[in-house]
Structure formats: C-alpha cells, structure tokens
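The residues making up each chain are set out below.
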Amino acid sequence: MELVMKTMITSPYYRAVGKEIEVFEQVFENKLPLLLKGPTGTGKSRFIEFMAYQFDTKLITVSCHEETSSTDLIGRFIIKGAETIWLDGPLTTAVKNGYILYLDEVAEARPDVVVAIHSLTDHRRELYIDKLGESIKAHDNFRLVASFNPGYQRGFKELKPSTRQRFVAISFQYPEPELEQEILIQESGVDLSMAKKLVMLGNKVRNLSELGLAETVSTRLLVDAAKLIHSGLAIRLAVKVAVMEPLSDEKQILDALYNLTDLIM
Ligand code: ADP
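Worth saying up front: this structure is predicted, and the values here are computed from it rather than measured.

So, how was this worked out
- Residues numbered from 1 in each chain as written.
- Predicted model: local features only at pLDDT ≥ 70, side-chain atom pairs only at ≥ 80, totals over all residues.
- Heavy atoms only, no water.
- Helix = DSSP H or I, 4+ residues; strand = E, 2+ residues; numbered from the N terminus.
- Buried < 20%, exposed > 50% of the residue type's maximum accessible area, 1.4 Å probe, protein only.
- Polar contact = N/O pair within 3.5 Å; in protein donor to acceptor, adjacent residues only side chain to side chain.
- Contact = heavy atoms within 4.5 Å.
- Salt bridge = Lys/Arg side-chain N within 4 Å of Asp/Glu carboxyl O.

Enquirer: What is the right way to look at the side chain of serine 147 in this model?
Expert: As for its position among the elements, serine 147 is in strand 9 (residues 143–148). Overall, serine 147 belongs to the buried group, its relative accessible area being 0%. Only 3.5 Å separates the side chain of serine 147 from the side chain of tyrosine 102, close enough to count as a polar contact. A distance of 2.8 Å separates a polar side-chain atom of serine 147 from the backbone nitrogen of glutamate 105. Excluding residues within four positions of it along the chain, serine 147 makes contact with Leu35, Leu36, Lys44, Tyr102, Leu103, Asp104, Glu105 and Val106.

What follows is the structure in structure tokens.
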C-alpha cells in the first residue's frame, strides 16, 4: 500500500476550474465526507493538497489497489521483540489526530474498506476497531475524502449506490483550453504558443473516440510533455514519450497519433 503523509510548506499550485473550492470550504465546515470523481490526471490529488494547505491541516494519502484492506487502513498487531504491539493504520492516525485522509481510487480497494469507513461517513463519526474491540470518536478536524474514476472501472469495480450516497461528490473533467494552457505554463514554464499547441493536440486526441483508448490524454500527460519540451527535449519526441506511448501499445493507433502530432506540433 502506498502511503504519503504531507505537510505542505508552500501552497501547491491549483487552478480552480469550477466552483470546487467554494464547495470544499462548505463541505469542510460541515464535516461531510467528499468524493472526487473523474478520470486520472484531472487535478483531484492536487486539489486536495491545495485545500489541505488552505485549511492548514495534515493530509494522508492512501493509493488504494485491489489488495488494500481495512486492516491496512485501521491498523494491526505487530511483534516487536518479545512483545506484541498495536500499530495504528493511516485511517486511525487521521481519525485520532484530526487529519484529512484521502483514499485515492477507493473503488479499487477490497470491500471491507468501505465497511470500515461507514460509521465515519455519517453522524456517528466514529471508527470501530474490531481487533481492539473499541470505537473511537473522530477528532473534530478529521475529514474523509475519496476519489473514484467512473470510466476506468467500467463494468467491474463500481462504487455501490449506497456507498456513493454517503458522500458529497464533485466531478472533475479536463479543463477548458484557456485554463489548461494556463496550467501547462505554470507547471512547466513553456510559453503560450507551445501550451496552445499541446492543449489543441490533447483535445484532438480526446475527441478521437474511434481509437477506443481505455484512458485518453490527461492534463498530467500534457504537463509532462510540456516539462520535457521546456527542459530541451525535441518537441515531437517529448510528445511521443510523454503523451502517445503511455496511451497505447498498438502500432496502428500510435501511427494515427503520430500523424496527428506531425500536423499540430
Ligand atoms: P488526479 O489526482 O486527478 O489523477 P493530479 O492531481 O495528480 O490528478 O494531476 C496531475 C497533474 O496535472 C498535476 O500534477 C498538475 O501538474 C496538473 N493539474 C491538473 N489539473 C490541475 C489544476 N486544476 N491546477 C493545477 N495543476 C493541475
């Protein structure tokens, strides 16, 4: 399980694309659990890092995958020398200390994870630790945020409606061209004309539904390409390795994507 604990010293850069900051502020005040929906690379993690900084609170991010279990989140007994000691998991740590816990890609995790967070997502705001046989009340500042990629899990790993209804949800999409250009410039240092070309290329690929890509060009991929270009890699090569290669392994599709690159860049 990948786990990151962050205390930001300077504000992360986040460009609002809609009303998400206002919504977060009210959700936070009302201690409601929040679900960030949307494809990968649309700024969900950056947004939550930014909001954690704004609210001056620590953020623990857990990247969920199919092996992530409630034990991973709540904690476990470990053997230390001759003793058995209890070790809090990230959820318990956040609940006790009043941090934001961000469960990235929560639908990927094992079903017992959703069961474990239930009592934290309603008025009870408490965590039941079955291995200790005790319930703990969440710290006033504890907040639960999860992310979910509706397209990616198509068909198999959905979030149950009863789980979804426990969260306030904000939808993330690819930003409008002007905003996405601004993000590329800010994140990489490329100039406006290069940012415009990259965004145009991104949007062209996004509209090519006939390619049948599982995931399309995210802002993250465009930022990566922009960074490589800004640091001196040849433009088409940068686009090839940062945007096209990550999207597909099929020669025909890649050829179509390279043709498009030649036209635009
Ligand atoms: P997600 O969590 O949705 O997969 P990330 O938050 O990791 O996506 O975003 C990927 C990258 O895209 C970020 O590192 C950042 O460079 C860029 N990015 C996307 N959207 C924004 C935004 N609105 N403001 C600033 N950076 C953004």
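Enquirer: Looking at this structure, how should I read the environment of tyrosine 174?
Expert: Counting through the fold element by element, tyrosine 174 comes out in the loop between strand 10 (168–171) and helix 7 (177–188). Considering only alpha carbons, one finds tyrosine 174 and threonine 61, 113 residues apart in sequence, at a separation of 22 Å. In this view, tyrosine 174 contacts Pro39, Thr42, Arg206, Thr216, Val217, Ser218 and Thr219; residues no more than four positions away in its chain are not counted.

Enquirer: Just to check I follow, could you spell out the pattern of salt bridges for this structure?
Expert: Within the structure shown, the criterion is met by twelve salt bridges. Glutamate 182 is the partner of arginine 15 in a salt bridge, and the nearest nitrogen-oxygen pair spans 2.7 Å. Residue arginine 15 is found in the loop between strand 1 (2–6) and helix 1 (20–29), and its partner glutamate 182 is found in helix 7; the two are separated by 167 residues along the sequence. What makes arginine 15 partly exposed here is its relative accessible area of 28%. In this structure glutamate 182 comes out as partly exposed when scored by relative accessible area, which is 33%. In this structure, aspartate 262 engages arginine 236 in a salt bridge whose closest nitrogen and oxygen atoms are separated by 3.3 Å. Of the two residues, aspartate 262 is situated in helix 11 (residues 251–264) and arginine 236 in helix 10 (residues 235–247); the sequence distance between them amounts to 26 residues. Among the charged side chains, a salt-bridge network with shared partners connects Asp122, Arg124 and Arg166.

Everything listed here is a matter of coordinates, which is why it stays silent on function.
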